[in-house]
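# Report on the structure
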Amino acid sequence: MKKFLPLILSAIVLACAMNIASAKDAAPLADDPVTEQRLITISEEMRCLVCQNESLAGSRSDLANDLRREIRVLIVEGKTDEQIRNFMVERYGDFVLYRPPVKPITWLLWIGPFVILLAGIIGLMVYLRRRNQSMPSATLSAEDNRRIDALLQDAKSSSTENAHD
């Protein structure tokens with residue numbers, strides 16, 4: 001066993017050295033820093049179609065890599081940011097944008113939560129009013145008021161006695 005220990009250790013060291021040698025630096029998104037900055041700015045405003053809750057800039061899915069590559073090509077071709085956004089929307093729909101535009105097809109998306117909240121508040125108010133109206137109002141008689149006063153007096157006197165003890 002002792003004969004094999006140096007051999008095993010040297011194999012482990014060699015394997016680690018090969019992994020370190022084969023490691024690569026992260027490839028830049030573009031050769032030009034201005035193009036890279038534009039790519040990042042545009043892709044942060046878009047949703048990854050695979051991850052859905054992650055921006056295109058932050059996603060590492062294969063589709064996100066392809067879409068960033070496509071955006072890079074459009075930037076190099078001289079397209080404006082708006083033209084690139086329009087291209088992506090034409091190809092993938094408004095879902096690709098984190099902030100979809102307000103138009104008739106997206107009104108429910110923008111106004112829906114407020115409508116649901118308002119309907120909930122109105123429903124709660126109607127329920128509480130009906131509940132209050134259905135409950136009988138109870139008026140206490142003079143005898144009931146005397147008993148309550150007596151109970152309160154007893155409670156008050158017993159609490160002062162306990163305080164003195």
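See the structure shown above.
Since this is a predicted model, take the numbers as computed values, not measurements.

## So, the overall build of the protein chain
Within the protein chain one finds six helices and zero strands. Partitioning the intrachain contacts of the protein chain with sequence separation of at least 6 by distance along the chain shows that 44% fall at a separation of at least 24. Accessible surface computed for the protein chain: about 13,300 Å², of which carbon and sulfur atoms make up 62%.

## Structural notes on the pattern of salt bridges
Scanning all chains against the criterion turns up seven salt bridges. Measuring nitrogen to oxygen at the nearest pair gives 2.6 Å for the salt bridge that ties R85 to E45. Of this pair, R85 sits in helix α4 (residues 81-92) while E45 sits in the loop between α2 (33-44) and α3 (62-76), and the two are 40 residues apart along the sequence. R85 sits in the buried class, given a relative accessible area of 17%. Judged by relative accessible area, which is 24%, E45 ranks as partly exposed. Several salt bridges share partner residues, and in doing so they unite E45, E82 and R85 into one network.

## Structural notes on a nonpolar patch on the surface
The grouping of V102, W107, L109, W110, I111 and V115 at the surface amounts to a nonpolar patch, some 610 Å² of accessible area in total. Within the secondary structure, W110 is located in helix α5 (residues 107-134). With relative accessibility at 36%, the residue W110 sits in the partly exposed group.

Cut-off values and rules
- Residues numbered from 1 in each chain as written.
- Predicted model: local features only at pLDDT ≥ 70, side-chain atom pairs only at ≥ 80, totals over all residues.
- Heavy atoms only, no water.
- Helix = DSSP H or I, 4+ residues; strand = E, 2+ residues; numbered from the N terminus.
- Contact = heavy atoms within 4.5 Å.
- Areas by Shrake-Rupley, 256 points an atom, 1.4 Å probe, with all protein chains shown as cover.
- Salt bridge = Lys/Arg side-chain N within 4 Å of Asp/Glu carboxyl O.
- Buried < 20%, exposed > 50% of the residue type's maximum accessible area, 1.4 Å probe, protein only.
- Patch = residues over 30% accessible without salt bridge, like charges linked within 9 Å, V, L, I, M, F, W, Y side chains within 5 Å.

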